[in-house]
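Examining the three-dimensional arrangement
Here's the letter readout for the chains.
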Amino acid sequence: GAGVSQTPSNKVTEKGKYVELRCDPISGHTALYWYRQSLGQGPEFLIYFQGTGAADDSGLPNDRFFAVRPEGSVSTLKIQRTERGDSAVYLCASSSQPNQPQHFGDGTRLSIL
Amino acid sequence: DQQVKQNSPSLSVQEGRISILNCDYTNSMFDYFLWYKKYPAEGPTFLISISSIKDKNEDGRFTVFLNKSAKHLSLHIVPSQPGDSAVYFCAASAQTDSWGKLQFGAGTQVVVTP
């Protein structure tokens, strides 16, 4: 069966630009998560959705970061006024329930020049 | 504040031998623990999990041990195979966070040599 799909796989943009990263979870998974991973570190939690609503957005670093999941399936992570420090791999995961293992996509490698 | 720590950045083990990966945590509210394996340019792949009501969980070549009093868990891989060469992450979550917020260690790079 299809796993978690993330697009694009790579994104290069200039400082100050706006970016959108898309995540298509495993079909039927109600919980969806965003993490980001910098070189040499483990994934860092950003936000998690249960259905359409954000159940926990405590990991979003500032108000330039925003995520939506309007129909309870696909999610988009939006970053405004990008900064060089936003460069990282952005990972999306989904699970059937929050107390079940999270299954990850291959990530979007974001590079801010 | 790093609440999940993997103090060994790397581990080299001979094929056929046991690999033991260690993980320590500081948050006593953590009650669900997972191990993930990651190859370059791929997302983490779930390996095995354990709830705090257990002290051991086994799945094929993988066994996870949990010592709650020491706030320590370990992953045993036996026998180690060349395909096990990857980065391994320990992760933890808490019911107080609805289990949704995984906190990860920094990972341990495992190299299995012939």
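Use the structure listed above.
First, a word on scope: everything that follows refers to the structure included in this document. (Residues numbered from 1 in each chain as written. Chains lettered and ligands numbered in written order. Predicted model: local features only at pLDDT ≥ 70, side-chain atom pairs only at ≥ 80, totals over all residues. Heavy atoms only, no water.)

The subject of this paragraph is the overall build of chain A. A count of helices and strands for chain A gives zero helices and 11 strands. Of the regular secondary structure in chain A, the N- to C-terminal order runs β-β-β-β-β-β-β-β-β-β-β. A compact globule built from 113 residues should have a C-alpha radius of gyration of about 13 Å, and chain A, at 13 Å, falls within 12% of that. Principal-axis analysis of the C-alpha atoms gives chain A an extent of 35 × 25 × 25 Å. (Helix = DSSP H or I, 4+ residues; strand = E, 2+ residues; numbered from the N terminus. Rg over C-alpha atoms; globule rule 2.2 N^0.38 Å.)

Counting 24 residues, the largest nonpolar core has Phe 33, Trp 35, Leu 73, Leu 75 and Tyr 88 of chain B as the members making the most contacts within it. For this core, the secondary-structure elements that each account for two or more residues are strand E3 (19-25), strand E4 (30-38), strand E5 (45-51), strand E7 (62-67), strand E8 (72-77), strand E9 (86-94) and strand E11 (108-113) of chain B. Residue contributions to this core peak at five residues, all from E9 of chain B. Every residue in contact with Leu 75 of chain B, bar those within four places of it in the chain, is listed here: Ser 19, Ile 20, Leu 21, Trp 35, Leu 47, Ile 48, Phe 62, Thr 63 and Tyr 88 of chain B. The next biggest cluster of nonpolar side chains, apart from the first, holds 19 residues, and it includes Val 4, Ile 47, Cys 92 and Ile 112 of chain A. (Core = buried A, V, L, I, M, F, W, Y, C linked by side-chain atoms within 4.5 Å. Buried < 20%, exposed > 50% of the residue type's maximum accessible area, 1.4 Å probe, protein only. Contact = heavy atoms within 4.5 Å.)

Moving on: the interface of chain A and chain B. At the junction of the two partners, chain A supplies 21 residues and chain B supplies 19 residues. Between chain A and chain B, the buried area comes to about 1500 Å², and carbon and sulfur atoms account for 60% of it. The interface formed by chain A and chain B contains zero salt bridges. At the level of elements, strand E4 (31-37), strand E5 (44-50) and strand E10 (103-104) of chain A are the ones that each hand at least two residues to the side of chain A that touches chain B. For the side of chain A that touches chain B, a count of residues per class yields nine nonpolar, 10 polar and two charged. (Buried area = accessible area lost by both parts, 1.4 Å probe. Salt bridge = Lys/Arg side-chain N within 4 Å of Asp/Glu carboxyl O. Nonpolar A, V, L, I, M, F, W, Y, C, P; charged D, E, K, R; others polar.)

Attention now goes to the pattern of salt bridges. Applying the stated criterion to the full structure yields six salt bridges over all chains. Ionic pairing is found between Glu 83 of chain A and Arg 64 of chain A, a salt bridge with its closest N-O pair at 3.6 Å. On the criterion of sequence distance, the pair formed by Glu 83 of chain A in the loop between strand E8 (75-79) and strand E9 (88-95) and Arg 64 of chain A in the loop between strand E6 (53-56) and strand E7 (65-68) is long-range, its members being 19 residues apart. Where Arg 61 of chain B meets Asp 84 of chain B, a salt bridge forms, and the shortest distance between an N and an O atom there is 2.8 Å. Of this pair, Arg 61 of chain B sits in the loop between strand E6 (56-59) and E7 while Asp 84 of chain B sits in the loop between E8 and E9; the two residues are 23 residues apart in sequence, bridging distant segments of the chain. Taken together, the shared-partner salt bridges in this structure form one network comprising Arg 64, Glu 83 and Asp 86 of chain A.

Moving on: the sheet that holds E6 of chain B. Spatial ordering of the open sheet is given by E1-E3-E8-E7-E6 (chain B), a layout of five strands whose pairing is antiparallel. One side of each edge strand has no neighbouring strand; the edge strands of this open sheet are strand E1 (4-5) and E6 of chain B. (Pairing = 2+ DSSP bridges.)

Along any regular strand the residues' side chains alternate between the sheet's two faces. All names here are of chain A. The buried fraction of E4 amounts to seven of the seven residues, a majority that puts the element mostly inside the structure. What you see with E4 is no split at all: Ala 31, Tyr 33, Tyr 35 and Gln 37 on one side and Leu 32, Trp 34 and Arg 36 on the other are buried throughout. Sheet analysis places E4 next to E5, joined by six bridges and oriented antiparallel. Considered in E5, the bridge of Tyr 35 is made with Phe 45. Between E4 and E5, which follow one another and run antiparallel, lie six residues, and Gly 40 among them has a positive phi close to 80°. Relative to E9, E4 runs antiparallel, the two being bridged by seven bridges.

Along the chain, the position of Ile 53 of chain B falls in the loop between E5 and E6. Residues Ile 53 of chain B and Gly 105 of chain B lie 52 residues apart in sequence; the distance between their C-alpha atoms is 22 Å.

Looking now at the sheet that holds E7 of chain A. All names here are of chain A. Read across the sheet, four strands follow the order E1-E3-E8-E7 without closing on themselves; strand pairing throughout is antiparallel. Looking along the sheet, the strands with just one partner apiece sit at the ends: strand E1 (5-7) and E7. In this sheet, adjacent strand axes meet at a mean angle of 15° when their direction is disregarded. (Axes fitted to C-alpha atoms, helices over the stretch in contact; angles between N-to-C directions.)

Counted by the stated rule, this structure contains 11 aromatic pairs over all chains. Consider the rings of Tyr 35 of chain A and Phe 104 of chain A, whose centres lie 5.5 Å apart with planes at 50°: the pair is tilted. Of this pair, Tyr 35 of chain A sits in strand E4 while Phe 104 of chain A sits in strand E10, placing them 69 residues apart in sequence. For Phe 104 of chain A, a relative accessible area of 10% gives the class buried. Here Phe 89 of chain B and Phe 104 of chain B contribute two aromatic rings whose centre-to-centre distance is 6.3 Å and whose plane-to-plane angle is 85°, an arrangement assigned as edge-to-face. Placement of the pair is Phe 89 of chain B in strand E9 and Phe 104 of chain B in strand E10 (residues 103-104), with a sequence separation of 15 residues. Under the relative-accessibility criterion, Phe 89 of chain B is labelled buried at 2%. Among the aromatic residues, those joined into a cluster by ring pairs are Tyr 35, Phe 45 and Phe 104 of chain A together with Tyr 36, Phe 46, Phe 89 and Phe 104 of chain B. (Phe/Tyr/Trp six-rings, centres within 6.5 Å; stacked < 30°, edge-to-face > 60°.)

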